Amino acid sequence: MPEPLTFEAVRAAVTGTAAAFRCVVEYEPAGGKGDKVFPPTYERGDYADENRQIDGKAVPCVLLDSVQSQANRMELALLDAWERKKIPLPVITVDFSGSNLPKPLRITSLEAPHRIADAILRDSLLGKTTFRKSEVGKKLDHVSNREATALFNLCPTALVFGMWDSTGPKGGLGAKFARALVSEIVGVNFEIGRKTSSRIDPAEIRKGAGPVFRDADGGMTVFEEEAKKIKGKAVLYGRDSKGKEVLYEKGKEQDQGSPSAANHGNVPPSIAKGSVTIDKAVQTTVLSLPALRRLRFPLNGQGRSMTEVDDAARTALAALALCAAALNQAQGCDLRSRCQLHPTTPFVWQLLDEPGATPLEFTLRADDAVVLFKTAVERAKQAGLPWLDEELVLIPSPQLAELVRLSQALAAAQPGDSEGVTT
Amino acid sequence: MFAIGIRYLCGWAMATHPADRERAEWPPHPDRVFMALAAAHFETGGEFVEYEALKHLSALPPPALDASEHQPRRPVTTFVPVNDDASPLDKNKRPMMAAGSLPIGRNRQPRSFPVAVPDRDTVYLIWADAELPEPSRRALAALCRKVSAVGHSASLVQMWVEEHPPAPTLRPSDHPSAPRRLRVTDPHRLEALQGRFACELRPDIAGWQGYQATRTSEPSFSTTGTLFARDLIVLRRVEGRLLGLESTLALTASLRNTLMSWLRKALGEVAPDWISGHDGPDGPPSQRPHLAFLPLAHVGHAHADGRLLGAAMAVPSAIPDAEQRRCLSSFLVNEKGDLITQQLTLGSLGVWDVQLDDREARPWALRPETWTGVGTGLRADRWASVTPVVLDRYPKAEGDAEQSIRQACRRIGLPDPEEIITTPAPLFVGVPHARRFPPLETGSKGGRRIHTHAVIRFAGPVEGPILIGAGRYRGYGLLRPWREDGR
């Protein structure tokens, strides 16, 4: 019967010889067994499938959520908990609110793809200084496995999910931290189904109602005289495949003038290969303890670290990883449109220690994971480790702000790339 | 004796094969495991006794492995966000789509992360005859526990020193037909890695060692073989135009000629009789069995088109291993164990580049088992021709062709067939009609021989490779286990 996981158990695991915490959870589609789900598609519409040996048979399996995608979700779960003030966490935010953007924007170190080493933070300012040249940012220049204190202070998720400071002062030889936490979801015994697309226009606009033109403000008009003109010819609403404007030529068949270019009209039904049915989905999450034990945390500029400080930091990182996984599990498994999964087995964590021995088992609910994590952070602080309690706010450089502003303006002016179809 | 155990905690291994960026490496090569141990030592500032243990380990002979088969995940391209440019606009100043957790666009570059899903998640590297001094053994055990990943950082493992490993499935082999090749260490590997690291360079590729699957038991006496060894030396086409089975003679002739000139250049001697097929350098054709060259074509599957995927060399079992290695190894691999690409000139058919095939996952046509019937689970008592059987003499009377084929089977050591059916029509999907194959020309008078397809049924299962008839050393008369549905 699994016991609830305690802080002491995590600490014992981290300071001992165990290899990993591992949690394997089974899911079924939210719509019930046998319902369709949509895996992520890759180039050419491929799914990432493989055959696995299960009970002596080759069973076709398909990737439902990749390692990178699960890591993103776990970081967003942490961000959500921090925003609700449920957990203490160092967060660095780039705040675009003073930059006159059409859409308000804040990007945190938990959302930036390369975390604290991301180019967005690099191109931002703390006060008047570029972030990496500020007192705070300079601490990152010398981090390594043996000197991870600054990262613990400013971005402990980088020590859990990995980081490569590839554009810092050392360029490609910049600090590299391997991830400690890996999670993935795979659908078992899948079969490819079919998906349909179609649209019925409630206004019943027909193709012959066109041509539709683009006016000077980028809006739509059916009146040729209101259209934007180039060399005396009216510009059609739709663009060609290269995104360029097309001029109206009477009598010529031009799709760019069809009402469908402005998302009106019916879309005839089509059937394509897509979606899968699965027997079940399996999420495997592994936290590597040797990866955490590799890190050392000297204090106050000393060359060597102290064992009790290292233990406290590593325990806090383990607690952070377990908390991220538990919060992600608690948020439910809504992976993408039409791919929602519901757990059918409990969240049980195994502690893998001696090879071949039966592992200890623990339960960990999200609320308990939060308490465990907060305890670990307190102990780490008591051991002398620094921890950024207040949100650190940066402002984007004017160049970055301008690029984002331009990007938002252009995106709003473009026609949507979906045709408003229902699938 | 000792072993290192590696358990892949996520159930898969993410590591790129050094010879092919799109391919996952499985099983983990001993050198990759060594590099993971070395990294764990240096990154944790380990003690000198660990360093000594690593040095000792790298100097040991290549280990045997216990590793199951695997299935590769379908290779897909992942688009990974760059970090040199935060701009959400592409080079044409158009906004890029937001994806992942980032709320604005970012330039993304294609990357691949090949994954191998093994049938069993645990692998052992086994040194059956080696011993480690006790301090080194303890240090190695401690070092193993420090390793978090083998391959990509997401490829999490648990590693330990195992006192009682299972029997190996792969053993090192220097035989030229060794179908698998893995990178292994040498006594200077550790210093070489340190040297490259100090110069801020990535590790170079270590030397290669051939490996052979361990035979689970000796071939049972009830399965008769032929005078050819079952270990075919498989060469795959790396470059060159697509050719069909009709080009068999051109391909095998070119392979033979290329091998013979290689031997002249590399060994400085005329090819021995068992390769040239002649008694002496200018002698008449030999009566003794010699090296045979055969085409490897994609046949027998629903959409097979008979295209040639490569060629193989079948060595008579009577030729000693040492002699085979002496003559053939240097044609296939260099001193470091890297594969050599041989160029075969095929006249108007162009040029083919070929290389020893050492891939674990390869098309059926390039697997020796397809042509020997060993280990496929098929009861290989019925065989049919892929290239036509050349008859010894013109069949004048009814039954002459069958008689000729019967003798041809006996000549290569097969038991008397129970039933022989000759037909010009092909028996496998993808094989051309017999008349589409150019005739074998022999004899100084330029006589042409008659050939025909055939199906042969033996009393019990037999083991290949089966090459019969007058063209057997040049690729004609190649048979394959046959089922009635043509597969």
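Treat the numbers as computed from the prediction; the structure is a model and nothing was measured.

Undergrad: Explain the environment of L322 of chain A to me, using residue names and the numbers behind them.
TA: All names here are of chain A. Structurally, L322 is set in helix α8 (residues 307-330). Each C-alpha atom, one on L322 and one on V286, is 9.5 Å from the other, the two residues being 36 residues apart in sequence. Each residue touching L322, except ones within four places of it in the same chain, is listed here: L5, V10, F21, L287, W349, L364 and A369.

Undergrad: Could you give an account of the nonpolar core, naming the residues involved and the relevant values?
TA: F21, L89, I116, L151, F152, L287 and F297 of chain A are the most contacted members of the largest nonpolar core, which has 111 residues in total. Examining the composition of this core, we find that 15 residues originate from one element, α8 of chain A, more than from any other. Those residues in contact with L89 of chain A, other than ones at most four positions away along the chain, are L78, W82, L110, P156, L320, F373, W387 and L388 of chain A. With 57 residues, the next largest nonpolar core counts V234, A271, V299 and A384 of chain B among its residues.

Undergrad: How would you explain a positive patch on the surface if you had to name every residue and give the values?
TA: Together, K176 of chain A together with R21, R111 and R202 of chain B line one region of the surface with positive charge. Secondary-structure assignment places K176 of chain A in strand β11 (residues 176-177).

Undergrad: Tell me about the side chain of H175 of chain B, and name the residues and values.
TA: All names here are of chain B. On the secondary structure map, H175 appears in the loop between β12 (170-172) and β13 (180-183). Within the local environment of H175, its side chain forms a polar contact with the side chain of Q324, the two groups lying 2.9 Å apart. If we ignore the near neighbours within four places in the chain, the residues touching H175 are D321, Q324 and R325.

Undergrad: Outline the sheet that holds strand β3 (residues 36-37) of chain A, supporting the account with residue identities and numerical values.
TA: All names here are of chain A. Taken in spatial order, the three strands line up as β3-β19-β13 in an open sheet, and their pairing is antiparallel. On the outer flanks of this sheet lie β3 and β13 (191-199), each paired with one strand and no other. Of the pairings in the sheet, the one linking β3 to strand β19 (residues 267-277) comprises two bridges and is antiparallel in character. Following the sheet pairing, K36 is matched in β19 by T277.

Undergrad: So what about the interface of chain A and chain B? Which residues, and what values?
TA: On the chain B side, the residues contacting the 63 residues of chain A number 48 residues. Taking both sides of the interface into account, the surface hidden between chain A and chain B amounts to around 4,800 Å²; carbon and sulfur atoms contribute 57%. Linking chain A with chain B are six salt bridges, by the criterion used here. Across the pair R73 of chain B and E184 of chain A runs a salt bridge, and its minimum N-O distance is 2.9 Å.

Undergrad: So, the packing of aromatic side chains: which residues are in play, and what are the values?
TA: Applying the stated criterion across every chain, the model contains 12 aromatic pairs over all chains. Ring centres of F437 of chain B and Y476 of chain B lie 5.9 Å apart, and the angle between their planes is 90 degrees; on these two criteria the pair is classed as edge-to-face. Here F437 of chain B is found in the loop between β22 (419-423) and β23 (441-442), whereas its partner Y476 of chain B is found in the loop between β26 (466-467) and β27 (478-481), with 39 residues between them in sequence. Here F437 of chain B matches Y476 of chain B in class, with each residue buried. One aromatic cluster is present, formed by F152, F297, F373 and W387 of chain A through successive ring pairs. The lysine or arginine in question, R237 of chain B, covers the ring of W352 of chain B, its NZ or CZ lying 6.0 Å from the ring centre. Of note, R367 of chain B hangs over the ring of W364 of chain B, and the distance from its end group to the ring centre comes to 4.2 Å.

Conventions adopted
Residues numbered from 1 in each chain as written. Chains lettered and ligands numbered in written order. Predicted model: local features only at pLDDT ≥ 70, side-chain atom pairs only at ≥ 80, totals over all residues. Heavy atoms only, no water. Helix = DSSP H or I, 4+ residues; strand = E, 2+ residues; numbered from the N terminus. Contact = heavy atoms within 4.5 Å. Core = buried A, V, L, I, M, F, W, Y, C linked by side-chain atoms within 4.5 Å. Buried < 20%, exposed > 50% of the residue type's maximum accessible area, 1.4 Å probe, protein only. Patch = residues over 30% accessible without salt bridge, like charges linked within 9 Å, V, L, I, M, F, W, Y side chains within 5 Å. Areas by Shrake-Rupley, 256 points an atom, 1.4 Å probe, with all protein chains shown as cover. Salt bridge = Lys/Arg side-chain N within 4 Å of Asp/Glu carboxyl O. Lys, Arg positive; Asp, Glu negative; His and termini not counted. Charge placed at Lys NZ, Arg CZ, Asp CG, Glu CD. Polar contact = N/O pair within 3.5 Å; in protein donor to acceptor, adjacent residues only side chain to side chain. Pairing = 2+ DSSP bridges. Buried area = accessible area lost by both parts, 1.4 Å probe. Phe/Tyr/Trp six-rings, centres within 6.5 Å; stacked < 30°, edge-to-face > 60°. Lys NZ or Arg CZ within 6 Å of the ring centre and 35° of its normal.

Any link to function would need more than the numbers given here.
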